[in-house]
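Reading the structure
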Amino acid sequence: MPILFYLSKRALQALLVMIVVTLFVSFAIRLTGDPAVMKLSQAANATAEDLARIREAMGLNRPFHVQYLDFIGGLFTGDLGTSFFRGPVAPLIATALPATLLLATTSLLVSLAISIPLGVYAATHRGSLADQAIRVLSLVGLSFPNFWLGIMMVLLFSVTLRWLAPSGFTGPLSLVMPAATIGIILTATNLRIVRTTMLDVLSAQYIMVARAKGLSERKVVYKHALRNSSIALVTYLGLQFGGLMGGIVVVELVFGWPGMGTLAIDAIAQRDYPILQAVISILAITIVGVNLLVDLTYAVLDPRIRLE
Amino acid sequence: MTLTRTILLAALGAGLLLGGPAQADGTLTVAQRQDPANWDPVDTFLVAWSSAGANIFDGLIRRDENLELQPGLAESWEVLEDGMRLRFALRQGVTFHNGEPFDAEAVKYTFERLLGDIGAAGPQRSNYTSIDSIEIVDDSTVDFVMNTPDPVMLTKLAGYGAMIVPPKYIEEQGQEAFDMHPVGTGPFKVVSYDQGESLVLEANADYFGGAPELDGLVYRFIREDSTRLAELQSGGVDVVHDIAFSAIPTVEASGNASIVSVPGPTVQSLQFKPTGDVATADVRVRQALIMAVDRQALIDAFLAGRGSPIASLQGKLSFGYDAALEPYPYDPEAAMALLAEAGVAPGTPMTIDYRADNSTFAEVAQALTGFFANVGVVAELRPIEDAVFLNEIVPQGRTNEMFQFAWGGWTFDFDNTAYLVYHSGEKWNPYGTSDEMDALLETQRRSADPAERERILKEVARMAHDEAYHMPLYNEDTVYAVSNRVENFVAAPDRRVRYDETRVTE
């Protein structure tokens, strides 16, 4: 069962990544500030005893390895611990993770729906006016900082036109602006990948053979060329996913989107270790999972690729 | 709430179209930056908590928008035995939102909880440790027995940790239920709380002060300054509680909302490092740096004029404020002369450490470098992340020549700021002041005589002024952006806006 062996190897890899990442994050965040001090930062008469009492209540008086093992142990039993400020962590993640994944997948789908047809068109009409226009547009898209694009959208669609609510999560319409903000930036890069790899593939010998066999141009482009060039795109999407998560943090803040980014930023500001550790672990697992999916997709796209 | 979200997500996934929630008539929506995330009064110090908490809970005493103490759940009070005993006559016939009666037992429970194990894990307890015990005289009379007179206690009973909580609800439903679904006696009761997003309240028709005019009150937590502004402009919210100073002109030009501001508790200053191998160890240098800066220009340029110059670390609402104490004048020439006298060569570098989270102060800091350059001091800016600044830089005495200090004690009593900044061993006083200062601060804390306290606090402020421990920059106004559909909005200096008499049109 090579596939089972392969999957368990990858699962072990994921575990290792998660441990390294959480160990690093848990350790580093403790060097930068004490949540007990944050909790008392506005209490005018707080004494050293007050501080010690709060640290004890937070479990911060225990050695680092005990705190860390406690967290990892909890992770395996499905217990994500309790936030220093906001109650149990699991329900917070249960709300935030779907919101972030929804935003990420919608943005990705939007960007693929635009970038694949446009990229293919640009490649097959290389040098045409349309090709030039598409390339310029993608460069413009690449040059927008995402927070700026988000704020501009709010100004146009919420403040001036009043079509969409500027923030929050009250229905499908709430998804439009944040997904478009991320989608536009993803589209710009994906468009360039699709165009470049398509150009590459279209000059390959087997495409010439396919054309010589008398296949329709449509079949040549979409069945043979696109399938082969999509390996590069899928690889790129996998690599892009980590960056996508980083970009989502900013966009979530602009649109008040209740996702993992907002959760993480608040947790960092308050030095809420339990939330931060949980968010980082789950994002690490998600990213490793997505990359596994990418590897599995290779085998589907190109049967010559073997999983080892 | 998670369930609602799950259903919503499922609906989204299936591609169903749901409309946004219609805004009910008579509902006012407030936007504020922060979600306090926990509604237990003993577990918070956040203004974000009290701005909503003021509409859910009551204390024995209420402080109005003029900072006058008014009857709350206590109808009257007496100070007995030279301040060692406070006696309260309780309001009768009041019930909590869950129907539980308010009585002397609830008062006793509230303070025993605050001073006991539950309070011990939170930041509020330390404000109330001068209370020794609570004695029930009869069903509607309680005595606070003090272990030391506390001149600020009556004020402190009007806020935060002293909010009266329902004993039965907490004991039966548990701590977590109370954290997420608080119950008080206030003009509004909690309908739902969606962490990180909103708190929905409805009018308490049985409120002892009369039923509110509004049907509902919603707090939305929106982190981004520009997004809160956009929500106001597009009609998504009616009042923005913490509008950025930089957004004031936009609101004023919008035509559908206006700015309402009142003097507030927050003061901004630059503290000097007065010891060690730095130029600011010389009092002449400190005075020169103050005179180098046109503080009124900072207020006009960066606060849109919504602030006042100050001579000490308090505004004019503060107990201990001295109108006779004048700020150092803006006088670059005198500053240069003093610097020369102190032997500071033109081109001397100095560093300003400040909290990176405040965009207004970042602009002020830029302007400060300009003013300093004018007198030959080359200032370098060092913005530092909040927690690092609060934990590692200031208390550890790792600052450079100058560092930012911002404070706004909600009690509006100068003791709250002065003790923290001038008394030895306090977190915000890493370099020490003087034994004389320590003695003054301790004396006023023990005194039950307001006149004596006021005299001492003025002396403290004058001493700090003469020694030029800091450059008081300005006292910020508390600024609200209010939609035109809101009527009878009463601005509170401490952001604890009560909405029981506010109305909305349409």
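Predicted model, so just to flag it, every value in this text is computed and none were measured. (Residues numbered from 1 in each chain as written. Chains lettered and ligands numbered in written order. Predicted model: local features only at pLDDT ≥ 70, side-chain atom pairs only at ≥ 80, totals over all residues.)

1. With respect to the overall build of chain A
Check the secondary structure of chain A and you find twelve helices and zero strands. Each helix and strand of chain A, placed in order from N terminus to C terminus, yields the pattern α-α-α-α-α-α-α-α-α-α-α-α. Its C-alpha atoms give chain A principal-axis dimensions of about 85 × 60 × 30 Å. A buried classification covers 39% of the 308 residues belonging to chain A. Here the analysis covers contacts within chain A between residues at least 6 apart in sequence; of these, 72% occur between residues at least 24 apart. (Helix = DSSP H or I, 4+ residues; strand = E, 2+ residues; numbered from the N terminus. Buried ≥ 20, exposed ≤ 12 C-beta atoms within 10 Å, placed from the backbone. Contact = placed C-beta atoms within 7 Å.)

2. What about the overall build of chain B?
Scanning chain B from terminus to terminus reveals 17 helices and 19 strands. Relative to the globule expectation of 23 Å for 506 residues, the C-alpha radius of gyration of chain B, 24 Å, shows essentially globular dimensions. Summarising its shape, the C-alpha atoms of chain B cover approximately 70 × 65 × 35 Å along the three principal directions. By the burial criterion, 50% of the 506 residues in chain B qualify as buried. Taking the contacts inside chain B whose residues are at least 6 apart along the sequence as the reference set, 69% of them involve residues at least 24 apart. (Rg over C-alpha atoms; globule rule 2.2 N^0.38 Å.)

3. Looking at the interface of chain A and chain B
Listed as interface residues are 48 residues of chain A and, on the opposing side, 43 residues of chain B. Those elements that provide at least two residues to the side of chain A that touches chain B are helix 2 (35-40), helix 3 (48-58), helix 5 (89-124), helix 7 (146-160), helix 10 (217-254) and helix 11 (260-270) of chain A. The biggest single contributor to the side of chain A that touches chain B is helix 5 of chain A, with six residues.

4. Observations regarding the packing of helix 10 (residues 283-291) of chain B against helix 12 (residues 332-341) of chain B
A pair of packed helices can be characterised by two numbers: the angle between their axes and the separation between those axes. Residues and elements named next belong to chain B. Interaxial distance between helix 10 and helix 12 falls to 8 Å at its minimum, and their mutual angle equals 160°. Comparing their axes, helix 12 and helix 10 come out roughly antiparallel. The two elements helix 10 and helix 12 meet at a crossing, and its hand is left-handed. Contact with helix 10, carried on its side by Arg284, Val285, Gln287, Ala288 and Met291, involves Ala334, Ala335, Leu338, Leu339 and Glu341 of helix 12 and no other residues of that element. Among the residues making up the contact of helix 10 with helix 12, the classes are represented as seven nonpolar, one polar and two charged. (Axes fitted to C-alpha atoms, helices over the stretch in contact; angles between N-to-C directions. Parallel < 35°, antiparallel > 145°, perpendicular 65-115°, else oblique. Left-handed = near helix turned anticlockwise from the far one by under 90°. Nonpolar A, V, L, I, M, F, W, Y, C, P; charged D, E, K, R; others polar.)

5. Some remarks on the pairing of strand 12 (residues 257-272) of chain B
By the bridge criterion, twelve bridges tie strand 12 of chain B to strand 17 (residues 470-483) of chain B in an arrangement that is antiparallel. Bridging across to strand 17 of chain B, alanine 257 of chain B finds its partner in serine 483 of chain B. (Pairing = 2+ DSSP bridges.)

6. Here we look at helix 15 (residues 414-422) of chain B
Because each turn of an α-helix spans 3.6 residues, side chains separated by three or four positions end up pointing in the same direction. Residue and element names in this part refer to chain B. Here helix 15 lies mainly inside the structure; nine of its nine residues are buried. Among the residues making up helix 15, those that are buried are Phe414, Asp415, Asn416, Thr417, Ala418, Tyr419, Leu420, Val421 and Tyr422. For helix 15, the elements touching its buried residues are strand 16 (402-407), helix 16 (435-446) and helix 17 (450-467).

7. Some details on helix 11 of chain A
All names here are of chain A. Burial runs high along helix 11: eight of the eleven residues are buried. Those residues of helix 11 that sit buried are Met260, Gly261, Thr262, Leu263, Ala264, Asp266, Ala267 and Gln270. Buried-residue contacts for helix 11 involve helix 2, helix 5, helix 10 and helix 12 (273-301). Arginine 271 sits one or two positions beyond helix 11 and adopts a positive phi of about 55°.

8. Things to note about unusual backbone geometry
Residues and elements named next belong to chain B. At glutamate 81, a position not held by glycine, the phi torsion is positive, near 50°. With 12 C-beta atoms counted inside 10 Å, the residue glutamate 81 sits in the exposed group. We note that arginine 495 has phi near 70°; this positive angle belongs to a residue other than glycine. Within the fold, arginine 495 resides in the loop between strand 18 (486-487) and strand 19 (503-504).

9. Comments concerning the sheet that holds strand 5 (residues 85-90) of chain B
All names here are of chain B. Strand order in the open sheet formed by four strands is 4-5-7-6, and the pairing between neighbours is antiparallel. Among the strands making up the open sheet, the edge pair consists of strand 4 (74-80) and strand 6 (131-138). If you compare each strand with its neighbour and ignore which way they point, the axes differ by 20° on average. Across six bridges, strand 4 lies against strand 5 in antiparallel orientation. Across the sheet, leucine 80 pairs through a bridge with arginine 85, a residue of strand 5.

10. With respect to the packing of helix 7 of chain A against helix 8 (residues 225-233) of chain B
Their axes nearest at 10 Å, the elements helix 7 of chain A and helix 8 of chain B cross at an angle of 10°. Classified by the interaxial angle, the pair formed by helix 7 of chain A and helix 8 of chain B is roughly parallel. Residues Ile151, Val154, Ser158 and Val159 of chain A of helix 7 of chain A form the contact with helix 8 of chain B, whose participating residues are Ser226, Thr227, Ala230 and Gln233 of chain B. Here the residues of the contact of helix 7 of chain A with helix 8 of chain B sort into four nonpolar, four polar and no charged.

11. Focus on the nonpolar core
Membership of the largest hydrophobic core comes to 191 residues, with the highest contact counts inside it found for Val279 of chain A together with Ile164, Val239, Ile243, Ala288, Ala292 and Val460 of chain B. Top element by residues in this core is helix 8 (residues 176-202) of chain A. It accounts for 13 residues. Beyond its immediate chain neighbours, meaning those up to four positions away, isoleucine 164 of chain B contacts Phe57, Asp58, Gly59, Leu60, Leu73, Phe102, Ala106, Val107, Thr110 and Thr185 of chain B. With eight residues, the next largest nonpolar core counts Leu40, Ala46 and Met58 of chain A together with Ala37 of chain B among its residues. (Core = buried A, V, L, I, M, F, W, Y, C linked by C-beta atoms within 7 Å.)

12. Some thoughts on the environment of threonine 266 of chain B
Structurally, threonine 266 of chain B can be placed in strand 12. Those residues within four positions of threonine 266 of chain B in sequence are excluded, and the remaining contacts are Ala406, Gly408 and Glu476 of chain B.

13. Digging into the pairing of strand 15 (residues 377-384) of chain B
All names here are of chain B. Where strand 14 (residues 348-355) meets strand 15, eight bridges bridge the pair, whose relative direction is parallel. Residue pairing across strands places methionine 350 opposite alanine 379, the latter belonging to strand 15. For the crossover from strand 14 across helix 13 (residues 359-374) to strand 15, the handedness is right-handed. (Right-handed = clockwise from strand over helix to strand, strands pointing away.)

14. A word on the confidence of the model for chain B
Residue and element names in this part refer to chain B. With 95% of its residues at a pLDDT of at least 70, chain B reaches an overall mean of 91. Mean pLDDT across the elements of chain B ranges from a minimum in helix 1 (residues 2-13), with 45, to a maximum in strand 11 (residues 239-240), with 98. For the stretch residues 1-24, pLDDT sits under 50, and the model shows 23 contacts to residues farther than four places along the chain or on other chains. (pLDDT = per-residue confidence, 0-100.)

15. Here's the deal with the environment of threonine 155 of chain B
The residue threonine 155 of chain B is located in helix 5 (residues 153-156) in this model. Apart from the residues within four sequence positions on either side, threonine 155 of chain B is in contact with Arg63, Leu69, Thr411 and Asp413 of chain B.

16. Considering the confidence of the model for chain A
Per-residue pLDDT for chain A has a mean of 87; in total, 97% of the residues score no lower than 70. When pLDDT is averaged over each helix and strand of chain A, the minimum, 80, is found for helix 2 of chain A and the maximum, 92, for helix 5 of chain A.

17. Regarding the environment of asparagine 475 of chain B
Residues and elements named next belong to chain B. Mapped onto the elements of the fold, asparagine 475 is located in strand 17. Here the alpha-carbon distance between asparagine 475 and tryptophan 407, two residues 68 residues apart in the chain, equals 9.8 Å. Among residues more than four places away in sequence, those in contact with asparagine 475 are Pro263, Val267, Gly307, Ser308, Ile310 and Gly315.

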